[in-house]
Amino acid sequence: MIKLENVSFAYSEEDIILNQANLHIEEGVITVVLGKNGVGKTTLLSLIDHYLNIDSGTITKKEESAYIYDSPYLYEYLTGKEYISLMKEIASSKPHVDITTIIKDLELDGDMDKQISAYSLGMKHKLAILSSILLNYDLYLIDEPLASLDPDSQQFMINFFKKMKQDKKTLLISTHMLHVAYTLADEIVIFKNKQLSKFKNSFETYEAFEDFVLNHLRLDNLM
């Protein structure tokens, strides 16, 4: 589904993000990228989406991707209802889920007539996730999807991401929330020292998972 081969990218000579990094993401799995703040997790997703251009190497992906940013770009002069209607017109196929039900489950049903400019960051993130679902891609790149959501909405989205996997969608998620990674991931990618290392999430307990990640990252306070 996604393959990085000897990929290098730098913003400057002093700010090198990837140095001949390799990664292979299989189809139909949830992969979570973990790394220290500022290591380049958002940059990695932008490179895979071809929003940024690599300096050398190759990135190939089987499908077009939906990219959900940590700070979503939305048409803020529209209402939520108008934005969803626009996404329905753009979509090349009908969504595989009942959007009305998801709007209600995400507790957005009382805000759909408001302008998006009045939405909180959490509400904007919910709307961005809704609109990407409407477009019905097979590959989703998702940057910090739950950080701005309340606990109930976090749990709903965790369950919904799992359902997307059951529907044969592929998800590559960047997060700093270890409990989310443990709950969601089939595989984790440790982003460290400009390299990407992939591991199966076969840990029997959260404590074992946490110890493994922290030991690899050598961090004391990754939450």
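Please refer to the structure higher up on the page.
The structure contained in this document is the topic of the report that follows.

Some thoughts on the nonpolar core
Core analysis: the biggest nonpolar cluster contains 50 residues, and L34, L127, L130, M157 and F161 have the highest contact counts within it. Per-element tally for this core: the top contributor is helix α4 (residues 121-135), with seven residues. Among residues more than four places away in sequence, those in contact with L130 are I84, I99, I102, I103, L106 and L108. Counting residues in hydrophobic clusters, the runner-up holds 26 residues, among them V33, L45, Y67 and L196.

Structural notes on a negative patch on the surface
A contiguous patch of negative charge, built from D105, E107, D109 and D152, is present on the exposed surface. Structurally, D152 is set in helix α5 (residues 151-166). Among the residues examined, D152 registers a relative accessible area of 59% and is labelled exposed.

Some words on the side chain of E144
Relative to the elements of secondary structure, E144 occurs in the loop between β6 (139-143) and α5. Of the side chains with opposite charge, K41 lies nearest to the buried E144, which makes no salt bridge, at 5.0 Å. Among the polar contacts listed, one links the side chain of E144 to the side chain of H176, at a separation of 3.0 Å. When residues no more than four places from it in sequence are discounted, the contact partners of E144 are K41, D70, H125, S174, T175 and H176.

Remarks on the sheet that holds strand β2 (residues 16-25)
What the three strands build is an open sheet, ordered β2-β1-β4; its pairing is antiparallel. Each end of this open sheet is capped by a strand with a single partner; those strands are β2 and β4 (56-61). If you compare each strand with its neighbour and ignore which way they point, the axes differ by 20° on average. Against the sheet, helix α1 (residues 41-48) contacts β1 (2-10), β2 and β4, and its axis sits at roughly 120° relative to β1.

Observations concerning the pairing of strand β3 (residues 30-35)
In terms of residue burial, β3 counts as a mostly covered element, since six of its six residues are buried. Every second residue of β3 is oriented toward a common face, with I30, V32 and L34 on one face and T31, V33 and G35 on the other, all of them buried. In the sheet, β3 pairs with strand β8 (residues 187-192) via five bridges, with the strands oriented parallel. If you follow V33 over to β8, its bridge partner there is V189.

Basis of the calculations
Within any chain, residue numbers begin from 1 and follow the written order of that chain's sequence. Residues qualify for local features only when their pLDDT is at least 70, as the model is predicted, and side-chain atom pairs are given and counted only at 80 or more; totals for whole chains, interfaces and linings, by contrast, use all residues. As a convention, hydrogens and water are excluded, and side-chain values are obtained from all of the structure's heavy atoms. Residues belong to a common nonpolar core when they are buried Ala, Val, Leu, Ile, Met, Phe, Trp, Tyr or Cys residues joined through side-chain atoms within 4.5 Å. Burial status follows relative accessibility: with a 1.4 Å probe on protein chains alone, a residue under 20% of its type maximum counts as buried, one over 50% as exposed, and anything between as partly exposed. A helix here means a DSSP run of H or I that spans at least four residues, while a strand means a run of E at least two residues long, and both kinds are numbered starting from the N terminus. The criterion used for residue contact is that any of the two residues' heavy atoms lie within 4.5 Å. Exposure above 30% relative accessible area and no salt bridge define the residues that can form patches, which grow by joining like charges within 9 Å and nonpolar side chains of Val, Leu, Ile, Met, Phe, Trp and Tyr within 5 Å. Accessibility throughout is a Shrake-Rupley quantity obtained with a 1.4 Å probe, and a residue counts as covered only by protein chains that appear here. The salt bridge definition used is simple: a Lys or Arg side-chain nitrogen within 4 Å of an Asp or Glu carboxyl oxygen. In this tally Asp and Glu are treated as negative and Lys and Arg as positive; neither His nor the chain ends contributes. Here the site of a charge means NZ on Lys, CZ on Arg, CG on Asp, or CD on Glu. Polar contacts, as counted here, are pairs of nitrogen or oxygen atoms within 3.5 Å of one another; within protein the pair requires one atom able to donate a hydrogen and one able to accept it, and residues that are adjacent in sequence qualify only if both atoms are side-chain atoms. In this description, strands pair whenever DSSP reports at least two bridges between them. Note on geometry: axes are lines fitted to C-alpha atoms, helical ones only across the stretch in contact, with angles between N-to-C directions running from 0 to 180 degrees.

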